[in-house]
Amino acid sequence: MTAAKQATLMPVTTAILEQKEGLARAVAIPDEIGKGVSEQLITWRMELIEAYATSLSQDFEEVAQNLEKWSDRVSGELVELRLPLNIALVEISEYREVIGAIIKDEAKTQNLSFDDFYDILTPFNHAVDQAVQMVSQSYMDDFENTIQTANFAVDELSVPIVRVTETVGVIPIVGEIDTNRAQLLMENALKQGEEYELETIILDLSGVSIIDTMVAHQLFKVINSLKLTGVNGIMSGIRPDIVQTMVSLGINMKGIHTFSSLHRAIESLQLLDKKANS
């Protein structure tokens, strides 16, 4: 950058930076922003204004790096605070107009030519466009990661294993069983069966409303897989209507220990344990 160019840009950059905090506080705080977050928003604004001001004299890579850091932090905090993306986008757009007006006034004060004014305005507008693109992408990445983490936590909770004795665990299944949930059921049963050194795992179906061939097949796979690891897998909570459905579907229950309720399954295991110890 030539000395003449620097001399032209310096007053503009200085004017923006000198007004940084005033500009940040002049714009009304959005209604959805609580009092505890309002000062955080002011900090975001001042950082954005500073990035805009320095974009006039920095090269493209430096501008991109500064805006990327700002976008990553702001988007991450928005997601963490459960605030919408449009808050950041409105801020970016708002300060395009505010700083654009400062650039215009400085251009008039310095009596700049149209070409000089265009040379100042172009990198600034490019910085604003970069900020929109970066914060949008960063927000969506953070949001997707948060959703995936939440879904994983929900999936983990949907097929928990409850240890009822030193050697017996129960997996209470509630709702429908799809392919993904069946795979999670398999993984949890095998992993925690080994971790807890269980001898028996009861799959309690009291909360399952529908049993079809796919569901039955997945449950049998879990029972057979447990058997291969030395764990006895049994089913409880099989209601009469589910039994009728299984029979009508031609599902073979041979070799699978079943009980009408979880209570009866545990009671039967206790009786067997007493006999073994007598």
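Scroll up to find the structure.
Residues numbered from 1 in each chain as written. Predicted model: local features only at pLDDT ≥ 70, side-chain atom pairs only at ≥ 80, totals over all residues. Heavy atoms only, no water.

Novice: So what exactly am I meant to see when it comes to the nonpolar core here?
Specialist: With 45 residues, the main nonpolar core has Ile16, Tyr52, Leu56, Leu78, Ile92 and Ile103 as its most contacted residues. Counting residues per element, this core draws most heavily on helix α3 (residues 35-55), which supplies 10 residues. Beyond its immediate sequence surroundings of up to four residues, Leu78 is in contact with Trp44, Leu83, Pro84, Ile87, Ala88 and Tyr139. Counting 28 residues, the second largest nonpolar core, distinct from the first, contains Ala182, Leu198, Leu205 and Ala216. (Core = buried A, V, L, I, M, F, W, Y, C linked by side-chain atoms within 4.5 Å. Buried < 20%, exposed > 50% of the residue type's maximum accessible area, 1.4 Å probe, protein only. Helix = DSSP H or I, 4+ residues; strand = E, 2+ residues; numbered from the N terminus. Contact = heavy atoms within 4.5 Å.)

Novice: It is not clear to me how the packing of aromatic side chains should be interpreted in this structure. Could you clarify?
Specialist: Two aromatic rings are characterised by how far apart their centres lie and by the angle between their planes. Inspection of the entire model under this criterion finds one aromatic pair. Note on Tyr52 and Phe124: the rings are 5.3 Å apart at their centroids and 85° apart in plane angle, and the pair reads as edge-to-face. Separated by 72 residues along the polypeptide, Tyr52 in helix α3 and Phe124 in helix α6 (residues 114-158) bring together distant segments of the chain. Considered together, Tyr52 and Phe124 belong to a single accessibility category, that of buried residues. (Phe/Tyr/Trp six-rings, centres within 6.5 Å; stacked < 30°, edge-to-face > 60°.)

Novice: What should I look at first to understand the pattern of salt bridges in this one?
Specialist: Pairs can form between side chains of opposite charge whenever their charged atoms are close. Evaluation of the coordinates by the stated rule reveals eight salt bridges. Because the salt bridges share partners, they merge into one network encompassing Glu21, Arg25 and Glu39. (Salt bridge = Lys/Arg side-chain N within 4 Å of Asp/Glu carboxyl O.)

Functional significance is not addressed by these values, which are geometric in nature.
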